[in-house]
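# Overview (structure and organization)
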Amino acid sequence: MKKILAILMLGFVLFLAACGSDGNADEAADSATAGAEGTSEGSGDNEKQVVTFWHSMGGAGQEALNAIVDSYNSSQDEVQVNAEYQGSYDEALTKFNSVAGTDSAPTIIQTFEIGTMSMINSGSILPIQELVDADGYDMSGLEENIINYYSLDGTFYSMPFNSSTPVMYYNKDAFEAAGLDPEAPPETFEEVEEASKAIVEANLDMKGFALQAYGWLYEQLLANQGALLLNNDNGRTDTPTEIGWTEEEGKSIFEWVERMVNDETFANYGTNGDNMVSGFLAGDVSMFLQSSASSRDVIDNAPFEVGIAFLPHPEEKERAGVVIGGASLWMIDGKPEAETNAAWDFMKYLQTPEIQAEWHVGTGYFAINPAAYDEQVAVDAHEEMPQLNVTVEQLQATTSSFATQGALMDMIPEGRKIMETALETVYNGGEVDDAYNTAVDQFNTAIEQANAARGE
Amino acid sequence: MSMNSTAIQQTPKSQINFEQVKKKQRMKNFSKGMLFLLPSIVLFSVFLFYPLARTIYLSFFLTDAAGATTVFVGWENYVTMFTSPIFLQSMKSTFLFVLYTVPITIIISLFLAVIANEKLKGIGFFRTIYSSTMGISVAAASVFWLYLFHPSMGPLNLLLNAIGAEGIGWLTDPSWALFAIAITTIWMNIGFTFLILLGGLQSIDSSLYESADIDGAGYFYKLRRITIPMLSPTLFFVVTVTIINAFQTFGQIDILTQGGPVNSTNLVVYSIYREAFVNYKFGSASAQAVLLFIIILLMTFLQFKFGERKVHYQ
């Protein structure tokens with residue numbers, strides 16, 4: 001018995017040793033390839049220049065992006081772009097902060113629009129304006145409203161890439177069944193309420209409207225009234241010191257939701273956007289607000305006809321338009337010049353009309369380059385899915401102002417969480433006044449704290 | 001006289017020598033012991049003690065987005081923390097959560113372990129099933145429960161509708177969400193707790209039961225007088241570990257509710273994560289982490305002080 005045990009133990013030891021040496025061999029191979037890459041960067045003539053690209057596109061977006069990266073890699077033989085998925089924007093940014101300034105930092109990172117200020121403050125990025133100037137690249141060919149967001153005092157810090165705006169999705173079949181005109185979707189808060197009532201009357205199992213508790217949507221509903229999120233012109237002329245909207249503007253959204261909650265026409269999906277979309281696809285709710293980036297997914301998966309409409313606004317206010325959402329690409333500082341130039345070449349490739357058309361059609365994001373809409377792929381897709389065009393029209397109908405340029409500050413992610421909590425309070429029957437006042441207090445405190453942390 | 005004096009002189013000399021040898025021996029033993037401990041001391045220092053010290057240091061500062069310290073604020077992070085209604089709510093939810101999950105997990109697991117300890121045909125199958133949740137990752141289990149909790153298509157609400165009750169907003173109603181997370185957590189923890197308790201039951205000497213049988217003791221009498229006391233070391237271990245785990249719950253919250261609705265499931269570890277990696281306020285996140293450390297330390301200390309008295313070691 002003891003002998004058998006001894007043999008067994010010996011076997012285990014050998015097994016572990018084998019595993020150990022396997023690991024070592026792998027590591028050795030890794031460092032060998034790393035070394036090879038290092039030399040290739042040095043010589044640069046016959047070997048490919050490697051560019052590491054961190055992104056946060058999951059699902060359909062990732063497929064579309066990988067296809068574009070592959071097409072770039074095969075279109076020339078000097079640069080090899082490695083696209084690496086790094087989780088959500090938040091997660092990618094956290095990872096980036098911990099490797100910034102080291103060799104593990106990527107060449108390009110995709111970051112969401114509200115990370116703009118933290119990226120500039122981080123000091124580890126190279127403003128693309130320098131490359132634009134050196135190369136004589138013309139940025140004015142790109143969509144004006146998108147450029148407005150990403151240019152600060154006439155300087156471009158990052159290259160816009162995937163941009164979207166919020167739109168209202170609605171179920172055309174349900175509209176028809178409720179005796180509403182499916183081609184004339186509601187435009188104002190009040191019309192949305194009326195339509196919701198009609199929907200619920202026609203079909204008791206279906207709710208009228210859903211608003212995900214998502215701070216971004218709250219910001220958009222503010223901007224659509226021409227309201228600022230932060231003072232000092234949304235933080236574009238000076239560092240903000242407090243909120244920028246008036247009580248009337250801020251409360252109108254809460255009161256709108258409260259009225260629908262009281263009418264029992266409101267579907268509460270909390271902060272979960274996926275649940276909301278699947279509820280819509282299952283016919284549990286007839287209208288919801290969401291980024292236009294989901295439009296391709298929703299249209300393809302719905303068993304009914306999907307309509308897409310402009311973001312609603314309060315009746316007594318003019319529609320001011322929407323703020324561009326989404327993300328942009330940042331060039332990381334401190335890389336060898338050859339690598340930076342290769343990355344810049346890839347960024348320019350992404351802005352070409354053909355690639356932008358493919359990207360727009362594959363996802364529902366905008367084409368950064370308006371010339372893309374004249375490409376055959378885009379024309380065909382718009383003919384087949386006219387809904388895709390609505391998002392483009394809405395952006396082009398936006399009047400440019402500080403409100404629709406969007407806010408810049410590093411505390412916006414925290415501000416979003418605060419508004420989400422306030423919205424959820426109202427969804428669950430809380431008092432609008434309490435929820436609103438608490439949220440405003442917390443929002444102002446967050447701004448103060450963020451300013452204090454910078455030592456200002 | 002001279003003999004005497006030499007004797008007196010000699011005695012302290014040999015005593016000193018003896019002391020020295022003893023000291024030398026102790027030093028040798030000590031360094032030998034340290035040598036054995038060295039690997040774990042190095043590992044602990046790098047991965048536990050240094051981060052701990054760093055966290056305490058950070059908790060006195062404000063930081064920028066990269067986590068570098070900018071302004072020294074002293075105790076201000078702690079003051080803000082104790083006056084913030086969001087954080088106080090988060091502490092309250094955490095304690096409620098511990099109260100919901102720990103006793104129920106242990107009672108269910110103990111029940112399952114006791115019935116799975118019977119010698120029946122095919123008992124291996126049941127043991128495997130009962131411990132199977134151990135093999136499911138937190139992420140996979142959470143996604144599975146996310147589907148069960150779906151407000152309109154989730155099986156739980158469909159079931160409620162089928163019996164004529166109205167559906168519950170499991171993850172969207174603030175009064176239900178913590179409960180829903182607790183159910184998920186209990187389900188996930190049962191596997192591990194069951195396995196440990198079953199192991200404890202199997203190691204109880206069968207002669208105790210045999211002599212109890214001869215004395216004519218009933219099933220429940222044996223359970224109360226033999227099984228539970230003999231199982232107490234295992235139970236003590238399980239209670240301690242489950243409480244610590246409950247305080248550190250993160251994965252299921254991140255996937256199911258992200259701290260919502262209305263911060264009702266914003267348990268303390270999730271709150272730390274949000275402060276640090278969403279709001280980039282590493283200072284106040286560190287202050288919260290220090291507090292959590294103190295609370296868990298206290299809880300564990302109290303358990304060892306009072307709980308262990310009732311533990312019967314073989």
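Residues numbered from 1 in each chain as written. Chains lettered and ligands numbered in written order. Predicted model: local features only at pLDDT ≥ 70, side-chain atom pairs only at ≥ 80, totals over all residues. Heavy atoms only, no water.

## A short note on the sheet that holds strand E12 (residues 306-309) of chain A
All names here are of chain A.
- Read from one edge to the other, the open sheet built from five strands follows the order E10-E9-E11-E8-E12, with strand pairing classed as mixed. The strands lining the two open edges of the sheet, one partner per strand, are strand E10 (266-267) and E12.
- Relative to E12, strand E8 (residues 166-171) is paired through four bridges, and the arrangement is antiparallel. Note that in E12 the partner of Met168 across the bridge is Ala309.
- With respect to the sheet, helix H17 (residues 387-396) is in contact with E8 and E12, its orientation differing from that of E12 by roughly 5°. (Pairing = 2+ DSSP bridges. Helix = DSSP H or I, 4+ residues; strand = E, 2+ residues; numbered from the N terminus. Contact = heavy atoms within 4.5 Å. Axes fitted to C-alpha atoms, helices over the stretch in contact; angles between N-to-C directions.)

## So, the environment of Thr105 of chain B
All names here are of chain B.
- As for its placement among the helices and strands, Thr105 is situated in helix H3 (residues 85-116).
- Among the residues examined, Thr105 registers a relative accessible area of 0% and is labelled buried.
- Spatially, the C-alpha atom of Thr105 lies 41 Å from that of Gly74, the residues being 31 residues apart in sequence.
- Within polar-contact distance, the side chain of Thr105 engages the backbone oxygen of Thr101 at 2.5 Å. (Buried < 20%, exposed > 50% of the residue type's maximum accessible area, 1.4 Å probe, protein only. Polar contact = N/O pair within 3.5 Å; in protein donor to acceptor, adjacent residues only side chain to side chain.)

## A word on the confidence of the model for chain A
Residues and elements named next belong to chain A.
- In this model, chain A carries a mean pLDDT of 85, and residues with pLDDT of at least 70 account for 90%.
- Averaged over each element, pLDDT in chain A is lowest for helix H1 (residues 2-43) (45) and highest for E8 (95).
- Within the model, pLDDT remains below 50 along residues 15-45, and this stretch shows four contacts once partners closer than five positions in the same chain are excluded. (pLDDT = per-residue confidence, 0-100.)

## Examining empty space enclosed by the protein
- If you walk through the whole model with that rule in mind, you get four cavities of 30 Å³ or more.
- What the largest cavity holds in volume is close to 140 Å³.
- In this structure, the largest cavity is lined by 19 residues; those nearest its centre are Glu219, Leu229, Val323, Gly406 and Ala407 of chain A.
- When residues of the lining of the largest cavity are traced back to their parent elements, those giving at least two are helix H9 (215-223) and helix H19 (412-427) of chain A.
- If you tally residues by element for the lining of the largest cavity, the top one is H9 of chain A, at five residues.
- Class assignment for the residues of the lining of the largest cavity results in 13 nonpolar, three polar and three charged.
- Structurally, the lining of the largest cavity is a two-domain feature, drawing no fewer than three residues from each of domain 1 (47-163 + 325-374) and domain 2 (166-322 + 400-453) of chain A.
- Quantified by volume, the second largest cavity comes out at close to 100 Å³.
- As for the second largest cavity, its lining consists of 16 residues, and the residues nearest its centre are Tyr269 and Asn272 of chain A together with Leu171, Thr172 and Leu256 of chain B.
- Here the residues of the lining of the second largest cavity are counted per class, giving seven nonpolar, eight polar and one charged. (1 Å grid on protein atoms, 1.4 Å probe; cavity = no way out; pocket = protein on both sides within 12 Å on 5 of 7 lines; lining within 4 Å. Points joined across faces, edges and corners; volume = space filled by probe spheres on them. Nonpolar A, V, L, I, M, F, W, Y, C, P; charged D, E, K, R; others polar. Domains from an automatic or database assignment.)

## A word on the interface of chain B and chain A
- Listed as interface residues are 28 residues of chain B and, on the opposing side, 27 residues of chain A.
- The contact between chain B and chain A buries some 2300 Å² in all, and 52% of this surface belongs to carbon and sulfur atoms.
- Area buried by chain B at its contact with chain A is led by Thr172, Val262 and Tyr280 of chain B, which between them contribute 21% of it.
- Linking chain B with chain A are one salt bridge, by the criterion used here.
- A salt bridge links Lys281 of chain B to Glu414 of chain A; its shortest N-O distance comes to 2.9 Å.
- The tally of links from chain B across to chain A stands at seven residue pairs in polar contact (both at pLDDT 80 or more).
- Listed by contribution, the elements that provide at least two residues to the side of chain B that touches chain A are strand E1 (61-63), strand E2 (69-72) and helix H11 (268-277) of chain B.
- Residue classes in the side of chain B that touches chain A are distributed as 14 nonpolar, 11 polar and three charged. (Buried area = accessible area lost by both parts, 1.4 Å probe. Salt bridge = Lys/Arg side-chain N within 4 Å of Asp/Glu carboxyl O.)

## Thoughts on helix H16 (residues 376-384) of chain A
Residues and elements named next belong to chain A.
- Considered for burial, the residues of H16 that qualify are Ala378, Ala381 and His382. Axial view of H16: buried residues confined to an arc of 100°, hence all on one face. Counted as exposed and oriented over 90 degrees from the buried face of H16: Gln376, Glu383 and Glu384.
- Looking at the buried side of H16, the elements it contacts are helix H15 (353-363) and H17. (Arc of directions from axis to C-beta.)

## Section: the nonpolar core
- Counting 204 residues, the largest nonpolar core has Phe209 and Trp245 of chain A as the members making the most contacts within it.
- Once residues lying within four places of it in the same chain are set aside, the contact partners of Phe209 of chain A are Met168, Val192, Ser196, Trp256, Met260, Thr265, Phe266, Ala267, Val285, Met287 and Leu289 of chain A. (Core = buried A, V, L, I, M, F, W, Y, C linked by side-chain atoms within 4.5 Å.)

## Some words on the domain arrangement of chain B
Residues and elements named next belong to chain B.
- Parsing chain B into structural domains produces domain 1 (2-58) and domain 2 (84-310).
- For domain 1 versus domain 2, the distance between C-alpha centres works out to 44 Å.
- Contacts between the two partners involve four residues from domain 1, matched on the other side by five residues from domain 2.
- Counting the surface domain 1 buries against domain 2, the share from its top three residues, Leu52, Thr55 and Leu58, is 87%.
- Where domain 1 meets domain 2, there are zero salt bridges.
- Where domain 1 packs against domain 2, one counts zero residue pairs in polar contact (both at pLDDT 80 or more).

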